[in-house]
Amino acid sequence: EPFSCNHEKGGEWVQLPCKVGDTLYVISQTKDKRILPFINQYEVTSITIKKKSIVVYHEMDGYIKVFTHTNFGKTVFLTKEEAEQAVTDIRVGSN
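Note that the structure is predicted; figures quoted are calculated from it, not measured.

Participant: Give a detailed account of the environment of proline 17, specifying residues and quantitative values.
Facilitator: Its place among the elements puts proline 17 in the loop between strand S2 (13-16) and strand S3 (23-28). The class for proline 17 is buried, based on a relative accessible area of 17%. Sequence spacing of proline 17 and phenylalanine 77 is 60 residues, and the spatial spacing of their C-alpha atoms is 9.5 Å. Setting aside chain neighbours within four positions, we find proline 17 in contact with Ile54, Val56, His69, Phe72 and Leu78.

Written as structure tokens, this is what we have:
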């Protein structure tokens, strides 16, 4: 289900792709694609709303991973099953 919040500056409602505390399933692959794609898990620690994007953060021990709303459904997923299907699609497409 979508999450919404009231954006301070314009009083507009913005649909968020997730909420703090959610687990994200992120597809990773080396640039040269010699290693098959794999899935990493990250917990959402904060969300920032910018003028033209929604930025989702994972922070742990000084390490920060950043995802924008445009990554969701492409390389960032809310369920492991969706991520696994995307990895399968990538692997089939690369053969």
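Participant: Any details on the pattern of salt bridges? Residues and values, ideally.
Facilitator: Should their charged atoms come close, side chains of opposite charge can pair. Across all of its chains, the model carries one salt bridge by this definition. Note that aspartate 22 and lysine 19 form a salt bridge whose closest N and O atoms lie 3.1 Å from each other.

Participant: Please provide a residue-by-residue account of the nonpolar core, values included.
Facilitator: Most often, soluble globular proteins keep nonpolar side chains buried together rather than apart. In terms of nonpolar packing, the biggest core is built from nine residues, these being Cys18, Leu24, Val26, Tyr42, Val44, Val56, Phe67, Phe72 and Val76. In contact with leucine 24, other than residues within four places in its own chain, are Cys18, Asn40, Gln41, Tyr42, Val44, Val56, Phe67, Phe72, Val76, Phe77 and Leu78. If you look at the next biggest cluster of nonpolar residues, it comprises six residues, including Tyr25, Phe77, Ala86 and Val87.

Participant: I'd like to hear about the side chain of serine 28, residue by residue, with values.
Facilitator: Within the secondary structure, serine 28 is located in strand S3. Those residues in contact with serine 28 that lie beyond four places of it in its chain are Pro37, Phe38 and Asn40.

Participant: Describe the sheet that holds strand S4 (residues 38-43), naming the residues involved and giving the relevant values.
Facilitator: Two modes of strand pairing occur in sheets, parallel and antiparallel, and in both the strands are linked by backbone hydrogen bonds. Strand order across the open sheet formed by three strands is S4-S3-S8, with antiparallel pairing between neighbours. The strands lining the two open edges of the sheet, one partner per strand, are S4 and strand S8 (76-77). Judged from the six bridges that link them, S3 and S4 form a sheet pairing that is antiparallel. Each residue of the ladder has a partner; that of threonine 23, found in S4, is glutamate 43. Against the sheet, helix H1 (residues 80-93) makes contact with S3, S4 and S8, and its axis sits at roughly 10 degrees relative to S3, the strand it touches most.

What counts as what
- Residues numbered from 1 in each chain as written.
- Predicted model: local features only at pLDDT ≥ 70, side-chain atom pairs only at ≥ 80, totals over all residues.
- Heavy atoms only, no water.
- Helix = DSSP H or I, 4+ residues; strand = E, 2+ residues; numbered from the N terminus.
- Buried < 20%, exposed > 50% of the residue type's maximum accessible area, 1.4 Å probe, protein only.
- Contact = heavy atoms within 4.5 Å.
- Salt bridge = Lys/Arg side-chain N within 4 Å of Asp/Glu carboxyl O.
- Core = buried A, V, L, I, M, F, W, Y, C linked by side-chain atoms within 4.5 Å.
- Pairing = 2+ DSSP bridges.
- Axes fitted to C-alpha atoms, helices over the stretch in contact; angles between N-to-C directions.

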